[in-house]
Amino acid sequence: MRVAPRSRPRPASRVGGLAAGIAALAFALVVNAPSRSAAAPGAGDGAGQLFRADCSYCHGTAGQGTELAPTLRGVGRASVYFQLASGRMPLADARATPRRAAPAYSPATIAALVDEVARLTGDTGPTIPEVSPRADVAAGGELYRLDCAACHAWSGEGGALFEREAPSIHAASRIEVAAVIRAGSGNMPAFGQAALSDRQVADVVAYVNELDHSKDPGGNPLWHLGPFAEGLIALGVALPILLAATRWIGERS
Ligand code: HEC
Ligand code: HEC
């Protein structure tokens, strides 16, 4: 009988088993995270079913809105695309503040849902302007400073705005930037054709793309802390220097 000693697990193998268990659990979580998109068929009836399962509880079966969420009539393809691609929708809790997250669906499923909402609501509202690789980055920069920098800062890092923060814009794809300019979202206003032509939207998108890839956009971003923090640092650093200088001058006279 040589079984007994072996059946007692040694600490090392217990640790190994635990590690393997954690790894398996992590793997299962990662694999199952986008389960909704995995289960979702690409188009047609599948998107209709998906809308009823994932959206209608809050937005109503025809997207007409409920007391939990606003109507989707007239919001346009730009809004639906932006909300889904940036992972803000579907919201888990109607009282939660929508935030950027990994998208719940694949690009094909997002496209099918955008079509489905358009079908349900009569397809009115803004579409997504085309993003052109031949856009004018310099003109985009001027428009950005005029229309966007007040909320998102010169660097695109975002900043403080009323009670809600304007987020960093660096995580957004070019199509998402074009979409949210036309659609607006939360406290961000929509910019219609009268404010920015399709051409100008493309220019802004090109400039934002440039900001994403340059290290020190907007000159001196001070570790990218945002305008408010930068102001505080300016006070904390500049004021003592100023005081010291005044003293020094005072002592000498
Ligand atoms: C738990 C409730 C809930 C679910 C589920 C939900 N939404 Fe929403 N949705 C909201 C709320 C609340 C808002 C308003 C958010 C805000 O502006 O603060 C909203 C906003 C939106 C907007 C922006 C509307 C606008 O005025 O521009 C779109 C588009 C949208 N949802 C699409 C969807 C789609 C498509 C689904 C399903 C895949 C979905 N939502 C699922 C609650 C929900
Ligand atoms: C009045 C302030 C304000 C102005 C002006 C404004 N935004 Fe926004 N922006 C916001 C807020 C607030 C949000 C967050 C919306 C949400 O979470 O639903 C946002 C979100 C965004 C996002 C999405 C970020 C993400 O990670 O999902 C992008 C991209 C963006 N804005 C770009 C722009 C551009 C480009 C302009 C100029 C044409 C602009 N914004 C003008 C306040 C503003």
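Keep in mind that what you see is a predicted model, and the values were worked out from it rather than measured.

A. Quick look at the coordination of the iron atom of ligand 1. For the iron atom of ligand 1, the full set of protein donor atoms is H59 (NE2) and M89 (SD), and the range of their distances to it is 2.0 to 2.2 Å. In this structure, the iron atom of ligand 1 is surrounded by 6 donor atoms whose angles at the metal cover 87 to 178°, and the resulting shape is octahedral. In this pair, H59 sits in helix α5 (residues 56-59) while M89 sits in the loop between α6 (76-85) and α7 (107-121), placing the two residues 30 residues apart along the sequence.

B. Representation of empty space enclosed by the protein in the model. Tallying each qualifying case throughout the model produces 1 cavity of 30 Å³ or more. Roughly 50 Å³ of internal volume is contained in the largest cavity. As for the largest cavity, its lining consists of L72, V75, G76, R77, V80, V114, V117, A118, T121, D123 and T124. Taken together, the elements giving at least two residues each to the lining of the largest cavity come down to α6 and α7. The biggest single contributor to the lining of the largest cavity is α7, with 4 residues. Tallied by class, residues from the lining of the largest cavity come to 6 nonpolar, 3 polar and 2 charged.

C. Seen up close, the packing of aromatic side chains. Under the counting rule described, the total for this entry stands at 1 aromatic pair. When the centroid spacing of 5.5 Å and the interplanar angle of 45° are considered together, the rings of Y144 and Y207 count as tilted. Of this pair, Y144 sits in helix α8 (residues 137-147) while Y207 sits in helix α11 (residues 198-213), and the two are 63 residues apart along the sequence. Here Y144 matches Y207 in class, with each residue buried.

D. Quick look at the site of ligand 1. Residues in contact with ligand 1 amount to 21 residues; listed here are only the nearest, C55, C58, H59, S79 and M89. In this structure, a nitrogen atom belonging to ligand 1 sits 2.8 Å away from a side-chain N or O atom of H59. S79 is positioned with one of its side-chain polar atoms (N or O) 2.9 Å from an oxygen atom of ligand 1. Among the elements that make up the shell around ligand 1, the one with the highest residue count is α6 (4 residues).

E. Spatial organisation of the coordination of the iron atom of ligand 2. Distances from the iron atom of ligand 2 to its protein donors, H152 (NE2) and M188 (SD), fall at 2.0 to 2.2 Å. Taken together, the 6 donor atoms coordinating the iron atom of ligand 2 span angles of 86 to 178° at the metal, a pattern that classifies the geometry as octahedral. Of this pair, H152 sits in helix α9 (residues 149-152) while M188 is found in the loop between α10 (174-183) and α11, placing the two residues 36 residues apart along the sequence.

F. View of the packing of α8 against α11. Packing of α8 against α11 leaves a shortest axis separation of 7 Å and a crossing angle of 90°. Regarding the angle of α8 to α11, the classification is roughly perpendicular. Residue-level inspection shows V137, A139, G140, G141, L143, Y144 and R145 of α8 in contact with α11, the latter providing Q200, D203, V204, A206, Y207, V208, E210 and L211. Here the residues of the contact of α8 with α11 are counted per class, giving 9 nonpolar, 3 polar and 3 charged.

G. Fine view of the site of ligand 2. Every one of the 24 residues lining ligand 2 counts as a neighbour, but C148, C151, H152, S185 and M188 are closest to it. Here an oxygen atom of ligand 2 sits 2.6 Å away from a polar atom, N or O, in the side chain of R100. For the shell around ligand 2, the secondary structure elements donating two or more residues are α9 and α10. The element contributing the most residues to the shell around ligand 2 is α10, with 3 residues. Of the residues contributing to the shell around ligand 2, the split by class is 15 nonpolar, 5 polar and 4 charged. Structurally, the shell around ligand 2 is a two-domain feature, drawing no fewer than three residues from each of domain 1 (39-127) and domain 2 (128-233).

H. Representation of the environment of R99. By secondary structure assignment, the location of R99 is in the loop between α6 and α7. For the pair R99 and Q83, spaced 16 residues apart in sequence, the C-alpha separation works out to 9.4 Å.

I. Quick peek at the side chain of T109. Of note, T109 is situated in helix α7. Assessed through its relative accessible area of 3%, T109 is described here as buried. One polar contact links T109 to S106, side chain to side chain, over a distance of 2.9 Å.

J. A look at the side chain of R182. If you trace the backbone, R182 turns up in helix α10. Only 3.5 Å separates the side chain of R182 from the side chain of Q193, close enough to count as a polar contact. Within the structure, R182 has its side chain in polar contact with the side chain of D198 (distance 2.7 Å).

The rules we used
Along each chain, residues carry numbers from 1 onward, in the same order as the chain's sequence is written. The lettering of chains begins at A and the numbering of ligands begins at 1, in the order of writing. Per-residue local features are limited, in this predicted model, to residues with pLDDT of at least 70; the limit for side-chain atom pairs, both in listing and counting, is 80 or more; totals at the level of whole chains, interfaces and linings are taken over all residues. Hydrogens and water molecules were not included; the side-chain quantities draw on all heavy atoms of the structure. In this description, a donor is an N, O or S atom within 2.8 Å of the metal centre, a cutoff extended to 3.2 Å for sodium, potassium and calcium. Water is not part of the atom list, which can make sites seem incomplete. Working rule for geometry: tetrahedral if four donors all subtend angles between 85 and 135 degrees; square planar for four, octahedral for six, if opposite donors exceed 155 degrees and the others stay between 65 and 115; irregular in every other situation. In DSSP terms, a helix is any run of H or I states spanning at least four residues, a strand is any run of E spanning at least two, and both are numbered starting from the N terminus. Residues are called lining when one of their atoms sits within 4 Å of a cavity or pocket point, these points coming from a 1 Å grid over the protein atoms alone, where a cavity is a set in which a 1.4 Å probe fits but cannot get out and a pocket is an open set with protein on both sides within 12 Å along at least five of seven lines. Grid points are joined across faces, edges and corners, and a volume is the space filled by probe spheres set on the points. In this classification, Asp, Glu, Lys and Arg are treated as charged, Ala, Val, Leu, Ile, Met, Phe, Trp, Tyr, Cys and Pro as nonpolar, and every other residue, Gly included, as polar. Aromatic contacts are taken between Phe, Tyr and Trp rings whose centres are within 6.5 Å, Trp giving its six-membered ring; a plane angle under 30 degrees counts as stacked, one over 60 as edge-to-face, and the others as tilted. We call a residue buried when its accessible area falls under 20% of the maximum for its residue type, exposed when it is over 50%, and partly exposed in between, using a 1.4 Å probe and counting protein chains only. The cutoff for a nearby residue is simple: one of its non-hydrogen atoms must lie within 4 Å of the molecule or strand. N or O atoms closer than or at 3.5 Å make up a polar contact, with two conditions inside protein: a donor-capable atom paired with an acceptor-capable one, and, for residues adjacent in sequence, both atoms drawn from side chains. Note on geometry: axes are lines fitted to C-alpha atoms, helical ones only across the stretch in contact, with angles between N-to-C directions running from 0 to 180 degrees. In what follows, roughly perpendicular refers to angles from 65 to 115 degrees, roughly parallel to angles under 35, roughly antiparallel to angles over 145, and oblique to any angle outside these ranges. Contacts between residues were defined by any pair of non-hydrogen atoms, one from each residue, lying within 4.5 Å. By convention here, the domain bounds are inherited from an automatic or database domain assignment.

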